[in-house]
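Each chain, written out:
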Amino acid sequence: MFRPRTGKTAHTSHQGNTLCHSGVSVGQDSHRHAPAACPRCGRTLHEPTAWSSAWRCDWHGEVHPLLPAFSPSRDGLDGLLRIYRPDTAGVPVWLPWPLPAGWLVAGFAGAGDERTGVRACAVALAGPNPLGGGPADMVVVAEEPGVGLGAALAGLDSVDPGAGFASAPAIATACFGKHDFPLWHVESPDRAVFAGEVKGRWLWLVLWPDTAGALLVEPIALRDLRDPGQDLDLPFGAVSPRLPAR
Ligand SMILES: [Zn+2]
C-alpha cells in the first residue's frame, strides 16, 4: 500500500474515492475535483487560495499535489497525459519495455496541477516474482528533485535518495534509447529500491517484496509513454495497491 507514514486520517478520507469503480474514463475532468494528497505523506492537501497558488501539506508545506491513481487502461494513461502542459518539460512516463515475462501494467499516478504540469509520475506494474514465483509489485517513478514521491514509495523520510546515495558502485542499469543510466541500490525496509538520474530527473524503481529486485540483474529497458507513435499493446491488470489514493 501507499501508506502515509504518520496518521491515518488522510488515508481514510480517500477510502471510497475510487475513480475506477464506475468503469468510465478517469480523465482530467474526473480528477479536477478529486482530493489531492501530499506526495510525501499522503495527507489531504489544502487547495490554492486567492493569496497563494500553491497546494499545502500541514506537515510538508508547499508540495505538488498527488492526484488519485489513474486506472490501468488506455483511458487512465490518457488521463495522466492530459495533465501534462505543453509549455513545461514535465517528467517521463517510464515503462519497462518489453515487460518482464507475465507482468501487467497496474495503473498510473501523477503529481502536479494545471499550473505546473506533471512534476512526478508513477507507473505501477504487477507480476510474478522471479525468485519464488509469488506475486510481486513494481512502481517506476520519474520526478523532479524535491517532489518526494519516489522516496515516499521507497519508505524513506527524505525527499530524495538521501545521504550516502551513490557512494557505492552502481548495481543496475536502465536503458533508454541508445543510452545506459546507472542505478544505485537505496537502503529501504521490506522492498528493493533502485534510483538514478536521467536527464536531471530522478528515476526510481521500487519492488515488493525485496527479492523481486532480482529483475534488475539484467539491464532494464525503458520507454517513455509520452513519445508518440509507439503503438505498444499494453497488457493491463488490476489496479495496484501500491498507488496512492485509489
Ligand atoms: Zn505531507
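Quick caveat, the model's predicted, so the values are computed rather than measured. All residue numbers refer to positions counted from 1 along the written sequence of the respective chain. Since the coordinates come from a predicted model, pLDDT governs what is reported: local features require at least 70, and pairs of side-chain atoms require 80 or more to be given and counted, while whole-chain, interface and lining totals use all residues.

Draft legend 1. Seen up close, the overall build of the protein. Helix and strand assignments follow DSSP, with helices taken as H or I runs no shorter than four residues and strands as E runs no shorter than two, numbered in order from the N terminus. In terms of regular secondary structure, the protein is built from 4 helices and 11 strands. Here the protein holds 246 residues, and 45% of them are scored as buried. Two residues form a contact once the distance between their C-beta atoms, set from the backbone, is within 7 Å. When contacts within the protein are restricted to residue pairs at least 6 apart in sequence, those whose partners lie at least 24 apart make up 62%. Exposure is read from a count of other C-beta atoms within 10 Å of each residue's own; the residue is exposed at 12 or fewer, buried at 20 or more and partly exposed in between. C-beta atoms are placed from the backbone.

Draft legend 2. Structural context of the environment of threonine 88. In this structure, threonine 88 sits in the loop between α3 (74-81) and β3 (94-96). Counting along the chain gives 30 residues from threonine 88 to valine 118, while the straight-line C-alpha distance between them is 8.4 Å. With residues near it in sequence (within four places) discarded, threonine 88 still touches Thr116 and Gly117.

Draft legend 3. Spotlight on unusual backbone geometry. The peptide bond linking tryptophan 97 to proline 98 adopts the cis configuration, its omega dihedral lying at 0°. Looking at where proline 98 falls in the secondary structure, it is placed in the loop between β3 and β4 (104-113). Phi is positive for alanine 166, which is not a glycine, with a value near 65°. Along the chain, the position of alanine 166 falls in the loop between α4 (149-153) and β7 (172-176). Alanine 166 sits in the partly exposed class, given 15 other C-beta atoms within 10 Å.

Draft legend 4. The nonpolar core, seen in detail. Of all hydrophobic cores here, the largest spans 69 residues; its most connected members are Cys121, Ala122 and Trp204. Sorting elements by how many residues they give to this core places strand β5 (residues 117-128) first, with 8 residues. Throughout this description, the term nonpolar core refers to a group of buried Ala, Val, Leu, Ile, Met, Phe, Trp, Tyr and Cys residues whose C-beta atoms join them within 7 Å.

Draft legend 5. Just the sheet that holds β3, in detail. Strand pairing is assigned whenever DSSP detects at least two bridges linking the two strands. As summarised here, the arrangement of the 9 strands in space is β3-β11-β7-β8-β9-β10-β6-β5-β4, forming an open sheet in which the pairing is mixed. Each edge of the sheet is formed by a strand with only one pairing partner; in this case those strands are β3 and β4. Mean inter-strand twist for the sheet, computed between neighbouring axes without regard to direction, equals 25°. Sheet topology note: the β3/strand β11 (residues 220-224) ladder contains 3 bridges and is antiparallel. Looking at the pairing, leucine 95 lines up with arginine 223 of β11. Inter-axis angles, ranging from 0 to 180 degrees, are taken between N-to-C directions of lines fitted to C-alpha atoms, where helices are fitted over the stretch in contact. Contacts between α3 and the sheet are confined to β4 and β5, with β4 contributing the most and set at about 20° to the helix.

Draft legend 6. Geometry of the confidence of the model for the protein. A residue-level look at the protein finds 85% of positions with pLDDT of 70 or above and a mean pLDDT of 86. What pLDDT conveys is the predictor's confidence in a given residue, as a value from 0 to 100. Here residues 3-29 is a poorly scored stretch, pLDDT under 50, and it has 47 contacts once near neighbours within four places are set aside; other chains count.

Draft legend 7. Main features of α3. For α3, every residue scored as buried is listed here: Gly76, Leu77, Gly79 and Leu80. Considered in projection along α3, the buried side chains sweep an arc of 155° and stay on one side of the axis. Directions pointing from the helix axis toward each C-beta atom define the arc.

Draft legend 8. Expanded view of the pairing of strand β10 (residues 201-208). A large share of β10 lies buried, amounting to 8 of its 8 residues. Across the two faces of β10 the burial is the same, with Arg201, Leu203, Leu205 and Leu207 and Trp202, Trp204, Val206 and Trp208 all buried. By the bridge criterion, 7 bridges tie strand β9 (residues 192-198) to β10 in an arrangement that is antiparallel. Across the sheet, residue glutamate 197 finds its bridge partner in β10, namely tryptophan 202. The loop that links β9 with its antiparallel partner β10 comprises 2 residues; one of these, lysine 199, has a positive phi angle of about 50°.

Draft legend 9. Representation of the environment of leucine 207 within the structure. By secondary structure assignment, the location of leucine 207 is in strand β10. Taking the number of C-beta atoms within 10 Å as the measure of exposure, leucine 207 has 23 and is therefore buried. Spatially, the C-alpha atom of leucine 207 lies 5.6 Å from that of aspartate 137, the residues being 70 residues apart in sequence. Discounting chain neighbours no more than four positions away, the residues touching leucine 207 are Ala136, Asp137, Met138, Arg191, Ala192, Ala212, Gly213 and Leu215.

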